[in-house]
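Structure at a glance
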Amino acid sequence: MITIKPEKGHLLIAEPSIIGDTSFNRSVILLADHTSEGSVGFILNKPLKYTLKDLVPDTKSAFKVYNGGPVEQDNLYFIHKIPELIPESIEISLGIYWGGDFDVVLTLINNGQIKRCDIRFFLGYSGWEPTQLETELETNSWIVTENIYKKAIIEKKDDTFWKEKMLELGGDYSIWSNAPENPNYN
């Protein structure tokens, strides 16, 4: 397997060896930023029991909210693919954007101008200090892959995403795709 270096827009796939880590076990993370100052990403496959209307009283939207990671879990973040509608968006890569004017987002959602396939919301984010992610890569905590889905990644089903990535990696990873999340259940 060819090892690639992490970059903005790449995916971090949790190695099967991350067992017992409730935040990152079986996670697929989109890297929103990766510089010498650190890294930021959002877990794409860990939906919470909340919807947007549970957290933001100014909307009746039932958009799903995801656990973005263990950092700042009292803050709401979002990625999207509609920068032409959301001012102040920051491009991650491949047509995916991070953040922007939240008041505009709420207005657009309430007016039915943003669909679920356009945006994804997260409580918290995943963050790494300088060199921390590289250290975790050296200890085989993560596999870095390119985002082959481009902006359609926002629409990926969350319940099978990690398993799909294990099957794509092949070899010994295929075995892990069918293993129970908790090995004690085996």
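Right, let's walk through the structure included here. (Residues numbered from 1 in each chain as written. Predicted model: local features only at pLDDT ≥ 70, side-chain atom pairs only at ≥ 80, totals over all residues. Heavy atoms only, no water.)

1. A word on the nonpolar core
Core analysis: the largest hydrophobic core is formed by 35 residues, its most contacted members being L11, L12, F42, L44, I79, W142 and I153. The biggest single contributor to this core is strand 2 (residues 28-35), with five residues. Apart from residues lying up to four places away in sequence, F42 is in contact with V28, I29, L30, A32, G68, Y77, I79, W98, F122, G124 and Y125. Among the nonpolar cores identified, the runner-up in size contains 15 residues, and F63, I86, L108 and I109 belong to it. (Core = buried A, V, L, I, M, F, W, Y, C linked by side-chain atoms within 4.5 Å. Buried < 20%, exposed > 50% of the residue type's maximum accessible area, 1.4 Å probe, protein only. Helix = DSSP H or I, 4+ residues; strand = E, 2+ residues; numbered from the N terminus. Contact = heavy atoms within 4.5 Å.)

2. As for the pattern of salt bridges
Applying the stated criterion to the full structure yields four salt bridges. Among the ionic pairs, K64 bridges to D158, the shortest N-O distance being 3.2 Å. Linking K64 in strand 5 (residues 64-67) with D158 in the loop between strand 10 (142-145) and helix 4 (161-169), this pair joins segments that are 94 residues apart in sequence. On the accessibility criterion, D158 (12% relative accessible area) is buried. One salt bridge connects E155 with K81, and the closest N-O pair in it is separated by 2.3 Å. On the criterion of sequence distance, the pair formed by E155 in the loop between strand 10 and helix 4 and K81 in the loop between strand 6 (71-80) and strand 7 (90-93) is long-range, its members being 74 residues apart. Exposure remark for E155: the relative accessible area of 44% places this residue in the partly exposed category. (Salt bridge = Lys/Arg side-chain N within 4 Å of Asp/Glu carboxyl O.)

3. Structural notes on the layout of surface pockets
Roughly 210 Å³ of volume is contained in the second largest pocket. Around the second largest pocket, the lining comprises 13 residues; the ones closest to its centre are K64, Y66, R116, R120 and I154. Those elements that provide at least two residues to the lining of the second largest pocket are strand 5 and strand 9 (119-128). Residues of the lining of the second largest pocket, tallied by class, amount to six nonpolar, no polar and seven charged. (1 Å grid on protein atoms, 1.4 Å probe; cavity = no way out; pocket = protein on both sides within 12 Å on 5 of 7 lines; lining within 4 Å. Points joined across faces, edges and corners; volume = space filled by probe spheres on them. Nonpolar A, V, L, I, M, F, W, Y, C, P; charged D, E, K, R; others polar.)

4. Focus on helix 4
Among all positions in helix 4, only F161, W162, K165 and M166 are buried. The buried residues of helix 4 occupy an angular sector of 140° when projected down its axis, which confines them to one face. In this structure, the buried residues of helix 4 make contact with strand 1 (11-14), strand 2, strand 10 and helix 5 (172-177). Of the residues trailing helix 4, G170 is marked for its positive phi of about 70°. (Arc of directions from axis to C-beta.)

5. A short note on helix 2 (residues 102-110)
Every buried residue of helix 2 is listed here: V105, L106, L108 and I109. The arc enclosing the buried residues of helix 2, seen along the axis, measures out at 165°, which places them on a common side. Check the buried side of helix 2 and you find it contacts helix 1 (52-55), strand 6 and strand 9. Two or three places before D103, at the opening of helix 2, D101 has a side-chain oxygen 3.0 Å from that residue's backbone nitrogen. G112 sits one or two residues past helix 2 and shows a positive phi near 75°. (Polar contact = N/O pair within 3.5 Å; in protein donor to acceptor, adjacent residues only side chain to side chain.)

6. Structural notes on the environment of M166
Within the fold, M166 resides in helix 4. In this structure M166 comes out as buried when scored by relative accessible area, which is 0%. When the C-alpha positions of M166 and I13 are compared, they lie 8.6 Å apart, and in sequence the two are 153 residues distant. The residues contacting M166, other than those within four sequence positions of it, are I13, A14, P16, I143, Y173, S174, W176 and S177.

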